[in-house]
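Secondary and tertiary structure notes
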Amino acid sequence: MRLERSIPAAALDAIRAPFLAAGATPTDAPVLQPLGLLLDLAGEAMRSRLFVVSGDAGEEACLRPDFTVAIARQHLSGAAGQGRYFYEGKAFRVAPRGSDRAEEFLQVGVEAFEAGDPVAADAEIAALAWAASAAGGRDDLTLLLGDVSLFGAFVDSLGLTPPLGARLKRAFARPRQLKIELEGGGGEALGEEKSRIAALLAGLPEAEASAVLQELWSLAGIEPVGGRRPAEIAHRLVERAQAVQAGKLSAGEAEAVRAFLAVSDRPGAALDAISALGGPQRGALDAALDGWRRRLAGLVARGAPEDRMTLVAAFGRAFGYYDGFLFEVRSAALDEERPVAAGGRYDGLPARLGAETKTGAVGCMVRPARAYAGGGE
């Protein structure tokens, strides 16, 4: 297990201070987290970064790779509608780039589950992360900004058929699939057997489609795995079959998407570029861009320097449960796989964990050993 070098107490106090002033309740979360849940939320690609442990009964768990899911689960278990939490503790991951070394490192951060203006909350949380990072003494920090939902708003502006638009939005988080879409491949391969089943189920009421699928399983002697209900599987098969039949991007539409993904500039210029690329049905896109201008104004008002910010339209494609605004604080002295701080919005996560009350969710974390000017972790 690779341990971070300790940093001076005064430096840690300075990094911690912005979070302590943010009105958050200090909390902790269990080190052990359910492996299956983490993979469901963050994606199977995360498995190689997790430190997995098994119990006597064969159940698998993992050491927490960060605090977001752990704090969210704890928040929901307390039946609190809203809450803001400060945490400080160790997280555990296998080092990237093919290494099998396990890392143990300190994180501090805030997770906020609150109603209200999400744009203002985004600006506040990102500004807190910037202030905490800068408190470590580095003078080479930059703030990388992105937004998973901005791509969705842009796609909506193009006026695509709903199945094609939905397929393209799903592909945003899967670079290989997105490349296929942009090259005119389109569609999600179902395989011959799945295609026939999907064709059989298409057009049936959901309850009847579920019953047919259960009967097919029974005849074949198949037991479903993974805890998914027949209705859910039937719905997904039909949805994918419809997506395959939805058509492909035209050359002009593909070029517009490529141009969107290529946007990387100072935030104001990037927003102008995205606006110029938008299609005719731009209501959602204009609303998203207006929100972004307010978000940037909030960041600057809270002390984040605009000349250190870059808005990258393609940023965010590999970030599991994040579904809106997200960011990283980076240091020129560290490679891009070692951000000083990171965070973003994950409004959909509480519902996926079973929350019955809808509330906003946004948070951030800082790695003190990376923020400290004398460190290099």
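Before going into details, it helps to say that this report is about the structure given with it. Counting restarts for each chain: residues are numbered from 1 in the order of the written sequence. In view of the model being predicted, local features appear only for residues whose pLDDT reaches at least 70, and side-chain atom pairs are presented and counted only at 80 or more, with totals across whole chains, interfaces and linings using the full set of residues. Water and hydrogen atoms play no part in the side-chain values, which are based on all heavy atoms of the structure.

By definition here, a salt bridge exists when the distance from a side-chain nitrogen of Lys or Arg to a carboxyl oxygen of Asp or Glu is within 4 Å. Taken as a whole and assessed by the stated rule, the structure comprises 21 salt bridges. The shortest N-O distance in the salt bridge between R345 and D122 comes to 2.8 Å. In this pair, R345 is assigned in strand β12 (residues 341-345) and D122 in helix α4 (residues 118-134), connecting sequence segments 223 residues apart. For every residue, the accessible area (1.4 Å probe, protein chains only) is compared with the maximum for its type, and the residue is labelled buried under 20%, exposed over 50%, or partly exposed between those bounds. A relative accessible area of 0% places D122 in the buried class. Taking the shortest distance from any N to any O, the salt bridge between R338 and D335 comes out at 3.7 Å. D335 sits in the partly exposed class, given a relative accessible area of 29%. Within the structure, one salt-bridge network assembled from shared partners comprises D122, R295, R345 and D347. Each helix is a run of DSSP H or I of at least 4 residues and each strand a run of E of at least 2, with the numbering of both proceeding from the N terminus.

Turning next to the environment of L150. Inspection of the secondary structure puts L150 in helix α5 (residues 148-157). With relative accessibility at 2%, the residue L150 sits in the buried group. Distance in space between the C-alpha atoms of L150 and F325 is 8.3 Å, their sequence separation being 175 residues. By definition, residues are in contact when any of their heavy atoms lie within 4.5 Å. In contact with L150, not counting residues within four places along its chain, are F260, I274, L285, A288, L289 and W292.

With six of seven residues buried, strand β11 (residues 325-331) lies mostly within the body of the structure. Whether two strands pair depends on DSSP finding at least two bridges between them. Relative to β11, strand β8 (residues 141-147) runs antiparallel, the two sharing seven bridges. Across the sheet, the residue bridging to G146 is L326, located in β11. In the sheet, β11 pairs with β12 via four bridges, with the strands oriented antiparallel. Across the sheet, F327 pairs through a bridge with G343, a residue of β12.

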